[in-house]
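Now for the letters of each chain:
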Amino acid sequence: MKLSTRDADSYFAKPDPGKTGLLIYGGDTMRVALKRQQVLAALLGPAAEEEMRLSRMPGSDLRKDPALVLDAVKAVGFFPGQRAVFIEDATDTAAPAILVALEEWRPGDAQIIVTAGQLKASSKLRKAFEAHRNAYAVGIYDDPPTRAEIERILSENNIRDVPTDSMSALGDIANDIGPGDFSRMIEKLALYKHGDTAALTLADIDAVAPQSTEAALDDLLNAVAEGRSTEIGPILRKLQAQGTNAVTLCIGATRHFRTLYTVAGASGGPAQGIGSLRPPLYGKRRDLVLRQAQNWGAQKLQNALTLLTDTDLQLRSAGQSAPALALTERALIRLAMMARSR
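Residues numbered from 1 in each chain as written. Predicted model: local features only at pLDDT ≥ 70, side-chain atom pairs only at ≥ 80, totals over all residues. Heavy atoms only, no water.

**Considerations on the sheet that holds strand β5 (residues 135–139)**
The line we're drawing: Two strands are counted as paired when DSSP detects at least two bridges linking them. Secondary structure elements follow DSSP: runs of H or I of four or more residues count as helices, runs of E of two or more count as strands, with numbering from the N terminus. Axis definition: a line fitted to C-alpha atoms, limited for helices to the stretch in contact. Angles are taken between N-to-C directions and run from 0 to 180 degrees.
Here we have five strands laid out as an open sheet, ordered β2-β3-β4-β1-β5, and parallel in their pairing. The open sheet has two free edges, formed respectively by β2 (54–58) and β5, since each of these has just one partner strand. The average angle at which neighbouring strand axes cross in this sheet is 15°, direction not considered. When β2 meets strand β3 (residues 84–90), the two strands line up parallel, connected through five bridges. Its bridge partner being in β3, R56 is matched across the sheet by F86.

Printed below as a string of structure tokens:
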């Protein structure tokens, strides 16, 4: 049977021990692996490996020895408790052996847990699980994590008191980085908050959030918008070392100042403008953009956008001889000087 994305999260958290098996497939191997880890932990408990209630085998082995699966499914365990056979990275070459095990499975046998990469609708493996009356097939896609998923990861790491602004910030981070990186970040956050019973703050999140090129670019643009011209050069050198080019910097600056102009130029004032942004801003980021827009005002922001447009045209000009990064740095310093002018 197919298990919908909506129902998958609740099933992974509490799998049915009476099911024959579960196929988890998808193009993102990390997402698939995390879901597999979750369902096996919920199904078997923490001592499954030590009690030999979990049998692991790569899908590639089943082509040479198809009986491996059925033998493991039927094996009688020494320790009591739920058993499972985990088949990793299966393809349609492993389908014949797995199909036999599905057909021969009886109550009391080990549950069959299979992971695979992206499978077409015509895949024998996928069709077998989708057609089976007592097994599930779940496709894992590159969708942003839901609030329920984030709450589950937080709960597993004993982080429970999470205000709305902190949850929104975590959602933004989860959308920007991979699922494995996000899980590791929450583990670091749990260590950071160990023994601290206070609510999770944005400062706590900032302390462990991964630093990326985007974060460095944000630091640069905030320094420019707030008139901190002495910080521009060092951050630019850092971005240059990370491979960021002048055109990318100019585009990022234009996007940032266009957002500020949208906020400052709203008919109902900046307070209304900040609420009209899509996607919306939350917490510290929202306060930062609102303050910058109010400090600049619509007219100065219009002048800033004109300067950035001229710089972008220069950078893309075939006859331009000046170093591109130097042109961009000069434009950003001029913007920082404008931020301090009245």
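The rest of the description comes next.
**With respect to the layout of surface pockets**
Here the idea is plain: a probe the size of a water molecule rolls over the atoms and shows the empty space left. So the rule is basically this: Lining residues are those with an atom within 4 Å of a point, where the points come from a 1 Å grid over the protein atoms alone and group into cavities, where a 1.4 Å probe fits but cannot get out, or pockets, open sets with protein on both sides within 12 Å along at least five of seven lines. Grid points are joined across faces, edges and corners, and a volume is the space filled by probe spheres set on the points. Note on residue classes: Ala, Val, Leu, Ile, Met, Phe, Trp, Tyr, Cys and Pro are nonpolar, Asp, Glu, Lys and Arg are charged, and everything else, Gly too, is polar.
Considered as a void within the structure, the second largest pocket measures approximately 660 Å³ in volume. D9, K35, E149, R152 and I153 are, among the 30 residues lining the second largest pocket, the residues nearest its centre. Looking at the lining of the second largest pocket, the elements with two or more residues in it are α1 (5–13), α2 (29–44), β5, α6 (147–156) and α8 (179–192). When grouped by side-chain class, the residues that make up the lining of the second largest pocket number 13 nonpolar, eight polar and nine charged.

**Re the pairing of strand β1 (residues 21–25)**
Heads up, the rule is: Each residue is assigned to one of three classes by its accessible area relative to the maximum for its type, calculated with a 1.4 Å probe on protein chains only: buried under 20%, partly exposed between the two thresholds, exposed over 50%.
Along β1, five of the five residues are buried, which leaves the element largely enclosed by surrounding structure. Along β1, one buried face is formed by G21, L23 and Y25 and the opposite face, lined by L22 and I24, is buried too. The pairing of β1 with strand β4 (residues 111–116) spans five bridges and is classified as parallel. In the sheet register, G21 faces β4, and the bridge partner there is I112. Relative to β5, β1 is paired through five bridges, and the arrangement is parallel. Residue pairing across strands places L23 opposite A137, the latter belonging to β5.

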